[in-house]
Amino acid sequence: MKHSGRPNCSRALLLLFALTGSTFILTHALPNSVPPVLVAVTIAVIAVTKVGLVVLDFLGLRGAQTPLIAALWSWAAFVLLIAVTRAALQLSV
């Protein structure tokens with residue numbers, strides 16, 4: 001049987017589940033003594049990691065030289081910017 005060049009999506013899927021669980025814990029199970037800014041930064045880092053897993057592993061773009069990678073990262077950055085801006089506006093009111 002010939003080994004394919006396909007990335008290990010099972011490992012990436014397990015990582016996505018773990019990161020999603022971490023996000024759930026950060027938003028629902030932590031005590032109120034944790035600063036909201038720390039939680040928000042941690043969730044943003046988790047989101048960027050998840051985008052990287054999806055773009056590189058599930059879409060099979062790891063090692064590829066295509067402008068699609070930059071477009072997907074730009075889209076994710078734009079969505080994150082909207083979320084951060086919205087949160088900052090809500091805190092200022």
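These figures come from a predicted structure and were not determined experimentally.

Teacher, can you tell me more about the overall build of the protein chain here?
Assigned secondary structure in the protein chain consists of three helices and zero strands. Listing every helix and strand of the protein chain by position from the N terminus yields α-α-α. Compactness check: the protein chain gives a C-alpha radius of gyration of 16 Å against a globular reference of 12 Å for 93 residues, more than 25% above the reference. Per-residue burial over the protein chain gives 18% buried out of 93 residues. Put simply, 54% of the contacts in the protein chain that link residues at least 6 apart link residues at least 24 apart. Here the protein chain displays about 7200 Å² of accessible surface, and carbon together with sulfur accounts for 72% of that area.

Sorry, what's going on with helix 2 (residues 36-58) here?
For an α-helix, the turn length of 3.6 residues means that residues three or four places apart are oriented alike. Between its first and last C-alpha, helix 2 extends 31 Å over 23 residues, near the 33 Å set by a 1.5 Å rise per residue. Residues of helix 2 that are buried include every one of V39, A44, I46, V51, G52, L53, V55 and D57, and no others. On its buried side, helix 2 packs onto helix 1 (9-29) and helix 3 (67-92). One or two steps after helix 2, the chain reaches G60, where phi turns positive at roughly 70°.

Even after reading the chapter, I still don't get the pattern of salt bridges, so can you show me in this structure?
Where charged atoms from two side chains of opposite charge come close, those side chains can pair. On inspection of all chains with the given rule, the structure shows one salt bridge. Here D57 ties to R62 by a salt bridge, and the two come within 2.9 Å at their closest N and O atoms. The class of D57 is buried, set by a relative accessible area of 8%.

What exactly am I supposed to notice about the nonpolar core here?
Nonpolar side chains in soluble globular proteins tend to end up buried together. Of all hydrophobic cores here, the largest spans seven residues; its members are A12, L16, L19, L26, V39, I46 and L53. Going through the elements one at a time, helix 1 and helix 2 are the ones with two or more residues in this core. With four residues, helix 1 is the single largest residue contributor to this core. Contacts of A12, omitting those with residues within four sequence positions, involve L53, D57 and F58.

About the criteria used
The numbering scheme is per chain: residues are counted from 1 as the chain's sequence reads. For a predicted model such as this one, the threshold for reporting local features is a pLDDT of at least 70, and the threshold for listing and counting side-chain atom pairs is 80 or more; totals across whole chains, interfaces and linings nevertheless cover every residue. For side-chain calculations, the full set of non-hydrogen atoms in the structure is used, while hydrogens and water are omitted. Strands here are runs of E lasting at least two residues and helices are runs of H or I lasting at least four, both read from the DSSP assignment and numbered beginning at the N terminus. Restricting the calculation to C-alpha atoms gives the radius of gyration, and the globule rule supplies 2.2 Å times the number of residues raised to the power 0.38. Partly exposed describes any residue whose relative accessible area lies between the buried limit of under 20% and the exposed limit of over 50%, with all areas from a 1.4 Å probe on protein chains only and scaled to the type maximum. What makes two residues a contact is simply this: any of their non-hydrogen atoms within 4.5 Å. Every accessible area reported is derived by Shrake-Rupley at a probe size of 1.4 Å, with residue values counting cover from the shown protein chains alone. The span you would expect from a helix comes to 1.5 Å times its residue count less one. The salt bridge definition used is simple: a Lys or Arg side-chain nitrogen within 4 Å of an Asp or Glu carboxyl oxygen. Residues enter a nonpolar core if they are buried and are Ala, Val, Leu, Ile, Met, Phe, Trp, Tyr or Cys, with the set joined through side-chain atoms within 4.5 Å.

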